[in-house]
Amino acid sequence: MHFKNFVRAVVCCIAVVSVTSACSSDGEIKYRYGVFLGASPEDVKYMEEYEKIVIDAQYFTTEEIAALKNSGHTVYSYINLGSIEDFRPYYKDHESITLDVYENWEEEKWVDVSKAEWQSFVVDELAEDIIDKGVDGLFVDNTDVYYHYPTAEIFDGVTNILKGFKNLDTYVIINGGDTYVTEYAKRYSELDSIMDAENQETIFSKINWDDETFTSNDSSETTYFQEYVDMVSSYGKDVYLLEYTTDSKIISRIDDYCTKKGYTYYASDKLELLAPAQKKGSQKK
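Draft legend 1. Region of interest: the nonpolar core. Core analysis: the largest hydrophobic core is formed by 90 residues, its most contacted members being Leu162, Phe165 and Leu241. It is helix α4 (residues 116–132) that provides the largest number of residues to this core, a total of eight residues. Those residues in contact with Phe165 that lie beyond four places of it in its chain are Ile79, Leu81, Val122, Val123, Ala127, Leu138, Val140, Thr170 and Val172.

Draft legend 2. Just the sheet that holds strand β5 (residues 98–102), in detail. In space, the three strands of this open sheet follow the order β4-β6-β5, with antiparallel pairing throughout. This sheet does not close on itself; its edge strands, each paired only once, are β4 (83–85) and β5. Neighbour to neighbour, the strand axes of the sheet diverge by 35° on average, direction disregarded. Pairing between β4 and strand β6 (residues 105–111): three bridges, direction antiparallel. Residue Ile84 lies in a different strand from β6, and its bridge partner there is Lys109.

Draft legend 3. Expanded view of the pattern of salt bridges. Taken as a whole and assessed by the stated rule, the structure comprises 13 salt bridges. Notably, a salt bridge pairs Lys279 with Glu49, separated by 2.7 Å at the nearest N-O pair. Of this pair, Lys279 sits in the segment after β13 (264–268) while Glu49 sits in the loop between β1 (31–35) and β2 (50–55), placing them 230 residues apart in sequence. On the accessibility criterion, Lys279 (41% relative accessible area) is partly exposed. Of the charged contacts, one joins Glu95 and Lys92 as a salt bridge, the two residues approaching to 3.5 Å between their closest N and O atoms. Exposure remark for Glu95: the relative accessible area of 28% places this residue in the partly exposed category. Taking the relative accessible area as the measure of exposure, Lys92 reaches 66% and is therefore exposed.

Draft legend 4. Broad picture of the pairing of strand β12 (residues 238–244). Along β12, six of the seven residues are buried, which leaves the element largely enclosed by surrounding structure. In terms of strand pairing, strand β9 (residues 197–201) meets β12 through five bridges, oriented parallel. The residue bridging Ala197 from the neighbouring strand is Asp238, located in β12. With five bridges joining them, β12 and β13 adopt parallel strand pairing. Looking across to β13, one finds that Tyr240 is bridged to Thr264.

Draft legend 5. The environment of Asp112, seen in detail. Mapped onto the fold, Asp112 is located in the loop between β6 and α4. When its relative accessible area of 16% is taken as the criterion, Asp112 is described as buried. On a C-alpha basis, the gap between Asp112 and Tyr146 in space is 10.0 Å, while along the polypeptide they are 34 residues apart. Dropping the residues within four chain positions of it, Asp112 is found in contact with Ile97, Leu99, Trp118 and Ile154.

Draft legend 6. Just the packing of helix α6 (residues 152–167) against helix α7 (residues 178–188), in detail. Two elements in contact, α6 and α7, have axes separated by 11 Å at closest approach and are oriented at 85°. Classified by the angle between their axes, α6 and α7 sit roughly perpendicular to one another. Taken together, the residues of α7 that come into contact with α6 (itself represented by Phe155, Val158, Thr159, Leu162 and Lys163) are Tyr180, Glu183, Tyr184, Arg187 and Tyr188. When grouped by side-chain class, the residues that make up the contact of α6 with α7 number six nonpolar, one polar and three charged.

What counts, and at which threshold
Residues numbered from 1 in each chain as written. Predicted model: local features only at pLDDT ≥ 70, side-chain atom pairs only at ≥ 80, totals over all residues. Heavy atoms only, no water. Core = buried A, V, L, I, M, F, W, Y, C linked by side-chain atoms within 4.5 Å. Buried < 20%, exposed > 50% of the residue type's maximum accessible area, 1.4 Å probe, protein only. Helix = DSSP H or I, 4+ residues; strand = E, 2+ residues; numbered from the N terminus. Contact = heavy atoms within 4.5 Å. Pairing = 2+ DSSP bridges. Axes fitted to C-alpha atoms, helices over the stretch in contact; angles between N-to-C directions. Salt bridge = Lys/Arg side-chain N within 4 Å of Asp/Glu carboxyl O. Parallel < 35°, antiparallel > 145°, perpendicular 65-115°, else oblique. Nonpolar A, V, L, I, M, F, W, Y, C, P; charged D, E, K, R; others polar.

In structure tokens:
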């Protein structure tokens, strides 16, 4: 699944002193993990209680990220491996190698990741620029391009990009990607070369795309994804869950499951992953 950012243009010239002040308040870190991909620098005050946070660092300055880290946060940044949104400044540069429109996200298209042009850009330019801002790792979306285009060329393209990220000496979280990751593990009996962690969405919850409401996932889907993340965990990788629900009973199931397994979760009440966070869906430290 892809995350739709409603932040299209963020003013990145906010004074460092204001960000530092927001991050260095008396706000105690109470929760383990929060995903805030729709957040701007002006939303920093809503993240101060979260130890590990995922943002879109393309909308934050080096100084703003440093302020977050100095306040005790681990900061991961979103990066889109397998598709491209039309609001990104580099969309036109790579539009010629796009494929079909991404279902449910009309402003986005899949990318032919087998192309050397894309591999070079996303690793040597985009990822390096993000890492140079001081983030602690990459939250990699849309390795699911291999699910939609299951060819040898696409598999190799995804692999080349992920290995490129790992060669940048950063922490790599793959969001979803069960088809690709399972195939890679089957072929090579290791995951160290491509990832450090898995973030799996909607193991327990489900998104109704017709009206963007949330419900409980089908038991077969829950079982499938539990088996998948257990497989990833068996290779020594960290596991994060990202759920979409306001249902306290579902959140309780998620909490019990993650406590038993030693996994980390965040349950959002917003599909857009905007701040402020839903406290009842936040895993306590």
